[in-house]
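Letter by letter, the chains look like this.
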2 protein chains.
Amino acid sequence: MFSIGELSRRTNVKIPTIRYYEESGLLDAPERTEGNQRRYDAAGLERLSFIKHARDLGFSIEAIAALIELQGHPDRSCAEATDIASAQLSDVRAKIKRLRALEKELVRISKGCDGNGMTEDCYVLASLADHRLCEREH
Amino acid sequence: MFSIGELSRRTNVKIPTIRYYEESGLLDAPERTEGNQRRYDAAGLERLSFIKHARDLGFSIEAIAALIELQGHPDRSCAEATDIASAQLSDVRAKIKRLRALEKELVRISKGCDGNGMTEDCYVLASLADHRLCEREH
DNA sequence: TCTTGAACCTCTAGTCACTGGAGATCGTAT
DNA sequence: ATACGATCTCCAGTGACTAGAGGTTCAAGA
Ligand SMILES: [Zn+2]
Ligand SMILES: [Zn+2]
Ligand SMILES: [Zn+2]
Ligand SMILES: [Zn+2]
């Protein structure tokens, strides 16, 4: 049995975030001491590690709640879990695609001015003002 | 002179967002009719187009405020503008890097299970539970 | 000129996933 | 017994919007 501070140290999850996960229903409310302080066990640590890892991989709280629900039913089909994972993969790929388009335009914009002129003639400011200078959609 | 709805249509920025930009100081408060409705001119349209384009390129409201401030002083050096743009480029590149790491792990995780088993033996759930199964940091 | 109804106004609150602070209480070591 | 770090609850703030309630104004048609 260990305190919330100890749990925080072991998982690298900040204390207010742990309480937030509890309030959101991702973490079960743990036992309390007589003085009302939270005391966790190995199961709590495991659960929080799962949440942390999933968050690090970009899953939403909602998706993680669904995954935890599935975990609780070992005899159910895991189809939903793979669906959630592939949705997350699509999401990440869509974000990468968009960011690559932004990167290309930002490279062009940055190249257009060395920063030694006046704002009046600045290519950075001019290209922000006019999307038609962009080479593609973004 | 045109209404906020017309401005919204011409820029593809939603009406509450336009009001939010005004409140944030990005847009000057426009003239009003006798009945207190906003009326914009070409300058307002131009300004909002600038904001929209910069937002589409991922610049923060704060960065855009700084860029607009620079725009207002045509005789000042544009060094700060290029700094802001290259900071934005670095930011985008950092995000891409992180997302690519996530993509790799998510591909591995998704490949590990076809969704036809039980949650008990699901590789998706197992790899979310244990970062040591990951091939690299993310 | 009157009437309708779409468009507009302000204000408040909600979104997501936390993060920080105030003020009070608890746990533990000396 | 005292000190002091850790924890408690509750509230507010972040960024960049978005949505709704309840009321007013504008502009076009009769
Ligand atoms: Zn320049
Ligand atoms: Zn553009
Ligand atoms: Zn599976
Ligand atoms: Zn991992």
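Remember, it's a predicted structure, so these values are computed and weren't measured experimentally.

### Here we look at the coordination of the zinc ion (ligand 2)
Point 1. The zinc ion (ligand 2) binds to the protein through His131(A) (ND1), Cys134(A) (SG), His138(A) (NE2) and His53(B) (NE2), with metal-donor distances spanning 1.9 to 2.2 Å.
Point 2. Around the zinc ion (ligand 2) sit four donor atoms, and with donor-metal-donor angles ranging over 104 to 114° the site reads as tetrahedral.
Point 3. The partly exposed category is assigned to His131(A), whose relative accessible area is 28%.

### Here's the deal with the packing of aromatic side chains
Point 1. Here the structure, examined in full by the defined rule, presents two aromatic pairs over all chains.
Point 2. Between the aromatic rings of Tyr20(B) and Tyr21(B), the centroid separation amounts to 5.9 Å while the plane-to-plane angle is 50°, which identifies the pairing as tilted.
Point 3. What makes Tyr20(B) partly exposed here is its relative accessible area of 44%.
Point 4. For Tyr21(B), a relative accessible area of 8% corresponds to the buried category.
Point 5. Geometry around Phe2(A) places Arg10(A) over its ring, the cationic atom sitting 4.2 Å from the centre.

### Examining helix H1 (residues 4-11) of chain B
Residues and elements named next belong to chain B.
Point 1. Within H1 the residues assigned to the buried category are Ile4, Gly5, Leu7, Ser8 and Thr11. Seen along its axis, H1 keeps its buried residues to an arc of 160°; they face one direction.
Point 2. Turning to H1, the residues buried within the fold contact helix H2 (15-23), strand S2 (38-39) and helix H3 (42-56).
Point 3. One or two positions beyond H1, positive phi appears at asparagine 12, with a value near 60°.

### As for the protein's contact with DNA strand C
Point 1. Around DNA strand C, 20 residues are found, and the nearest of them are Thr33(A), Arg55(A), Ser3(B), Gly5(B) and Arg19(B).
Point 2. Between DNA strand C and the protein, one listed contact pairs a phosphate oxygen with a side-chain N or O atom of Thr17(A) at 3.0 Å.
Point 3. Between DNA strand C and the protein, one listed contact pairs a phosphate oxygen with a backbone N or O atom of Gly35(A) at 3.3 Å.
Point 4. Sorting the residues of the surface near DNA strand C by element identifies helix H2 (15-23) of chain A together with H1 and H2 of chain B as the ones contributing at least two each.
Point 5. Per-element accounting of the surface near DNA strand C gives the leading share, four residues, to H2(A).

### Considering the environment of Thr33(B)
Point 1. Structurally, Thr33(B) can be placed in the loop between strand S1 (31-32) and S2.
Point 2. Here the alpha-carbon distance between Thr33(B) and Arg98(B), two residues 65 residues apart in the chain, equals 50 Å.

### Overview of the protein's contact with DNA strand D
Point 1. Around DNA strand D, the surrounding shell holds 21 residues, and the nearest of these are Ser3(A), Arg19(A), Tyr21(B), Thr33(B) and Arg55(B).
Point 2. For DNA strand D, the backbone makes up 89% of the atoms found within 4 Å of the protein, where backbone means sugar plus phosphate.
Point 3. Arg32(A) is positioned with one of its side-chain polar atoms (N or O) 3.2 Å from a phosphate oxygen of DNA strand D.
Point 4. One of the side-chain N or O atoms of Arg55(B) is found 2.7 Å from a phosphate oxygen in DNA strand D.
Point 5. Contributing elements (two or more residues each) for the surface near DNA strand D: helix H1 (4-11) and H2 of chain A together with H2 of chain B.
Point 6. No other element matches H2(B), which puts four residues into the surface near DNA strand D.
Point 7. Of the residues belonging to the surface near DNA strand D, the class tally is six nonpolar, nine polar and six charged.

### Section: the coordination of the zinc ion (ligand 4)
Point 1. Every protein donor of the zinc ion (ligand 4) is listed here as His53(A) (NE2), His131(B) (ND1), Cys134(B) (SG) and His138(B) (NE2), and their distances to the metal cover 1.9 to 2.2 Å.
Point 2. Because the angles between the four donor atoms bound to the zinc ion (ligand 4) fall within 104 to 116°, the donor set is best described as tetrahedral. Of this pair, His53(A) sits in helix H3 (residues 42-56) while His138(B) sits in the segment after helix H6 (123-129), each in a different chain.

### Side note on the relation of the copies chain B and chain A
Superposing the two chain copies requires a rotation about an axis and a translation along that axis.
Point 1. Turning chain B through 180° and shifting it by 0.0 Å along the axis lays it on chain A, with an RMSD of 0.0 Å. What we have between these two chains is a two-fold relation. Across chain B, the smallest distance between a C-alpha and the rotation axis is recorded for Ile96(B), namely 2.9 Å.
Point 2. Most of the interface of chain B is mirrored in chain A: 100% of its interface residues are interface residues there too.

### Focus on the interface of chain B and chain A
Point 1. At the interface, 56 residues of chain B touch 56 residues of chain A.
Point 2. Buried surface at the junction of chain B and chain A, summed over both partners, amounts to about 4400 Å²; 73% is from carbon and sulfur atoms.
Point 3. Run the count over chain B and chain A and you get two salt bridges.
Point 4. Glu103(A) is the salt-bridge partner of Arg93(B), the closest N and O atoms lying 2.8 Å from each other.
Point 5. Across the contact surface, chain B and chain A share 24 residue pairs in polar contact (both at pLDDT 80 or more).
Point 6. The set of elements that each furnish at least two residues to the side of chain B that touches chain A consists of H3, helix H4 (61-71), helix H5 (79-111) and H6 of chain B.
Point 7. Per-element accounting of the side of chain B that touches chain A gives the leading share, 21 residues, to H5(B).
Point 8. Its residues assigned to classes, the side of chain B that touches chain A shows 27 nonpolar, 16 polar and 13 charged.

Parameters and conventions
- Residues numbered from 1 in each chain as written.
- Chains lettered and ligands numbered in written order.
- Predicted model: local features only at pLDDT ≥ 70, side-chain atom pairs only at ≥ 80, totals over all residues.
- Heavy atoms only, no water.
- Donors = N, O, S within 2.8 Å, 3.2 Å for Na, K, Ca; no water.
- Tetrahedral: all angles 85-135°; square planar, octahedral: opposite > 155°, others 65-115°.
- Buried < 20%, exposed > 50% of the residue type's maximum accessible area, 1.4 Å probe, protein only.
- Phe/Tyr/Trp six-rings, centres within 6.5 Å; stacked < 30°, edge-to-face > 60°.
- Lys NZ or Arg CZ within 6 Å of the ring centre and 35° of its normal.
- Helix = DSSP H or I, 4+ residues; strand = E, 2+ residues; numbered from the N terminus.
- Arc of directions from axis to C-beta.
- Contact = heavy atoms within 4.5 Å.
- Near = heavy atom within 4 Å.
- Polar contact = N/O pair within 3.5 Å; in protein donor to acceptor, adjacent residues only side chain to side chain.
- Nonpolar A, V, L, I, M, F, W, Y, C, P; charged D, E, K, R; others polar.
- Least-squares fit on C-alpha atoms with pLDDT ≥ 70 in both.
- Buried area = accessible area lost by both parts, 1.4 Å probe.
- Salt bridge = Lys/Arg side-chain N within 4 Å of Asp/Glu carboxyl O.

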